Amino acid sequence: MSNNTELKKRGDAVIVGSYARYPAAMVSGLGCKLTDADGKEYLDFLAGIAVCALGHCHPQVSETICRQAQKLVHVSNLYYTEPQIELAELICQHSFAEKVFFCNSGAEANEAAIKLARIYSPQGRYKIISLAGSFHGRTLATVAATGQPKFHEGFEPMPGGFCYAPFGDLEALEAMVDETTCAILCEPLQGEGGVRPLVKEYLAGIRALCDKHGLLLIFDEIQTGMGRTGTLFAYEQLGVEPDIMSMAKAIGNGMPIGAMVTKSEIAAAFVPGTHASTFGGNPVATAAGVTTMNIILEDGFLHDVLDKGVYFRDLLVGLAKKFPALVTGSRGMGLIVAAVLTEKGISHGTAIVNAMFERGYLMNFAGNSVLRFVPPLIVTKAEIDEFVTVLAEVMAEIDS
Ligand SMILES: *Cc1c(COP(=O)(O)O)cnc(C)c1O
């Protein structure tokens, strides 16, 4: 059996170094726990970056994957398959959407949204306004839509037709709208940007602006969707409906799958030949999605997510009281939760995450401003208690 050191050596020799990886090779997982190649256990509050909503290897999802893999793995979208139809039906029943386009990742879901917005809009309208601090993906178009210059550096020229409005400023946003604008794209709560929620009034203002100027409103719910915020989609709590929405991360509880959803009238702009994905809506991935979504929709599940989110954020407020030099408070929605750091805290952000990793607790430092926690939605209050207790120990060491 290979250990962490051997696997790190082999991996570094052959895998492109585009990630700063921790020196651990994960071997197995169950619920909120992961085990690495040295047999060390971790309590995982990152969940594959908000992906494994039902925890690792959820028995029903794993069973579905095995069953479907023995029946049919792939046929292309030249044919219908029932798992794909069933997942699209579920999404439409439980959201504003009437039509679904399946793909394999978040970036691809945003690509589909961007292409749909352009082809649906009258000729000459192509520009998409997004927000500073946003994150929409790493393909050329989605990185161009991302309102953080550091992600563009070295890859210029960026594809044209994207611009960025300062966060929270409706007037500045409206000033950017011109006769070439077709859509406004935003996350209802910025995930990578530092767990920053868009307040209701701001979102309502963006919706009104879209209506006034005939623009499409696109919500990127790749991270916030599928129960993460305590409702199936974050927009339900914010009182604003988009025209197009992208989702991905948690849909298949770890199977690679993304989706772009919209109203029938807008979807009609995509006809045979306009857009496609070979693997999109693959039977195994969509079957996993159906099982995952049915569990998230079970009575009480989402209510529990809201309840545990409040509990978690309260504990982090306690942490801020204990370590005011490091933490100013907490924010988030449901179980996308952040401890907001002070200047000093920010300077120790990476050290805090590393010290937690050493102790067997996984989380990350997001937006260069917050400690971000996106545990599996099945996390227990006891696990949250344990995590915050260890975090307090780490902070006590750093604060001393
Ligand atoms: C993760 C993420 C993406 C990109 O998804 P990939 O699957 O990595 O392509 C886009 N937008 C948001 C809000 C995300 O959190």
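Basis of the calculations
- Residue indices follow the written sequence of each chain, beginning from 1 at its first position.
- It should be noted that, the model being predicted, local features are given only for residues of pLDDT at least 70 and side-chain atom pairs only at 80 or more, the latter also being counted only at that level, while totals for whole chains, interfaces and linings use all residues.
- Calculation of side-chain values draws on the structure's entire complement of heavy atoms; hydrogens and water are dropped beforehand.
- What makes a residue near a molecule or strand is one non-hydrogen atom of that residue sitting within 4 Å of it.
- What qualifies as a polar contact is a pair of N or O atoms within 3.5 Å, subject to a donor-acceptor requirement within protein and to the restriction that residues adjacent in sequence count only when both atoms come from side chains.
- Note on areas: these come from Shrake-Rupley sampling with a 1.4 Å probe, and a residue is covered only by the protein chains present in the view.
- We count a stretch as a helix when DSSP gives it H or I for four or more residues in a row; a strand needs E for two or more, and each element gets its number in order from the N terminus.
- Counting rule for disulfides: a pair of cysteine sulfur atoms within 2.5 Å.
- Residue burial is assigned from relative accessible area. The probe radius is 1.4 Å, only protein chains are included, and a residue is buried under 20% of its type maximum, exposed over 50%, and partly exposed in between.
- Here a cavity is any set of points on a 1 Å grid over the protein atoms alone where a 1.4 Å probe fits but cannot get out, and a pocket is any open set with protein on both sides within 12 Å along at least 5 of 7 lines; a residue lines the site when it has an atom within 4 Å of a point.
- Grid points are joined across faces, edges and corners, and a volume is the space filled by probe spheres set on the points.
- Any residue that is not Ala, Val, Leu, Ile, Met, Phe, Trp, Tyr, Cys, Pro, Asp, Glu, Lys or Arg is counted as polar, Gly included; the first ten are nonpolar and the last four charged.
- We count a salt bridge whenever a side-chain nitrogen from Lys or Arg sits within 4 Å of a carboxyl oxygen from Asp or Glu.
- All the domain ranges listed were derived from an automatic or database domain assignment.
- Any two residues whose heavy atoms approach within 4.5 Å at even a single point are treated as in contact.
- Two parts placed together each lose some accessible area; with a 1.4 Å probe, that loss summed over both constitutes the buried area.
- A pair of aromatic rings is counted whenever rings of Phe, Tyr or Trp (Trp by its six-membered ring) have centres within 6.5 Å, and the orientation is called stacked for planes under 30 degrees apart, edge-to-face for over 60 and tilted otherwise.

**Student:** Got a minute to help me understand the site of the ligand in this structure?
**Tutor:** The environment of the ligand is made up of S105, G106, A107, N110, F135, H136, G137, E187, D220, I222, Q223 and K249. G106 is positioned with one of its backbone polar atoms (N or O) 2.8 Å from an oxygen atom of the ligand. The backbone of F135 places a nitrogen or oxygen atom 3.2 Å from a nitrogen atom of the ligand. Taken by itself the ligand offers 390 Å² of open surface, and the protein chains cover 80% of this. For the shell around the ligand, the element with the most residues is helix α5 (residues 106-120), which contributes three residues.

**Student:** Help me understand the state of the cysteines, please; the structure alone is not making it clear to me.
**Tutor:** Two cysteines whose sulfur atoms are joined by a covalent bond form what is called a disulfide. Summed over all chains, the structure comprises zero disulfides. Not part of a disulfide, C103 finds its nearest cysteine sulfur in C92, a span of 15 Å. The class for C103 is buried, based on a relative accessible area of 2%.

**Student:** I keep staring at the layout of surface pockets and nothing clicks. Help me out?
**Tutor:** Left-over empty space is what a probe sized like a water molecule reveals as it rolls over the atoms. What the second largest pocket holds in volume is close to 900 Å³. Taken together, 29 residues line the second largest pocket, and the ones lying closest to its centre are N77, Q84, V100, F101 and F102. Broken down by secondary-structure element, the contributors of at least two residues to the lining of the second largest pocket are α4 (82-93), β4 (99-103), β12 (258-262) and α10 (264-267). A per-class count over the lining of the second largest pocket returns 16 nonpolar, eleven polar and two charged.

**Student:** In this structure, what is going on with the pattern of salt bridges? I would like to understand it.
**Tutor:** Once the charged atoms of two side chains with opposite charge are near each other, the side chains can pair. Scanning all chains against the criterion turns up eleven salt bridges. R207 is paired through a salt bridge with D243; the nearest N and O atoms lie 3.0 Å apart. Residue R207 is found in helix α8 (residues 200-213), and its partner D243 is found in the loop between α9 (235-238) and β11 (244-247); the two are separated by 36 residues along the sequence. Through salt bridges with shared partners, one network takes in R207, D211 and D243.

**Student:** Whenever I open this one, the domain arrangement of the protein confuses me. Can you help?
**Tutor:** The assigned domain composition of the protein is domain 1 (4-57 + 299-399) and domain 2 (72-296). Taking only C-alpha atoms, the centre of domain 1 and the centre of domain 2 are 26 Å apart. At the interface, 28 residues of domain 1 touch 26 residues of domain 2. When domain 1 packs against domain 2, close to 2,200 Å² is buried across both sides, 65% of that on carbon and sulfur atoms. For the pair domain 1 and domain 2, the number of links is one salt bridge. Put simply, R372 and E192 hold a salt bridge, and the shortest N to O gap is 2.7 Å. There are eleven residue pairs in polar contact (both at pLDDT 80 or more) connecting domain 1 and domain 2. Listed by contribution, the elements that provide at least two residues to the side of domain 1 that touches domain 2 are α2 (47-50), α12 (301-322), β13 (327-333), β14 (336-341) and β17 (370-373). A per-element tally of the side of domain 1 that touches domain 2 places α12 first, with four residues. Here the residues of the side of domain 1 that touches domain 2 sort into 21 nonpolar, five polar and two charged.

**Student:** Explain the packing of aromatic side chains here, please?
**Tutor:** Working definition: an aromatic ring pair is given by the centre-to-centre distance plus the angle between the planes. Counting across every chain of the model gives twelve aromatic pairs. Plain terms: the ring middles of F312 and F373 are 5.1 Å apart, the flat faces sit at 45° to each other, and that makes the pair tilted. You can see F312 sitting in helix α12 and its partner F373 sitting in strand β17, a full 61 residues away along the chain. Of the two residues, F312 and F373, both sit in the buried class.

**Student:** Sorry if this is basic, but what is going on with the side chain of T286 here?
**Tutor:** Tracing the backbone shows T286 in helix α11 (residues 283-296). Apart from the residues within four sequence positions on either side, T286 is in contact with P83, Q84, L87, F102, I257 and G281.

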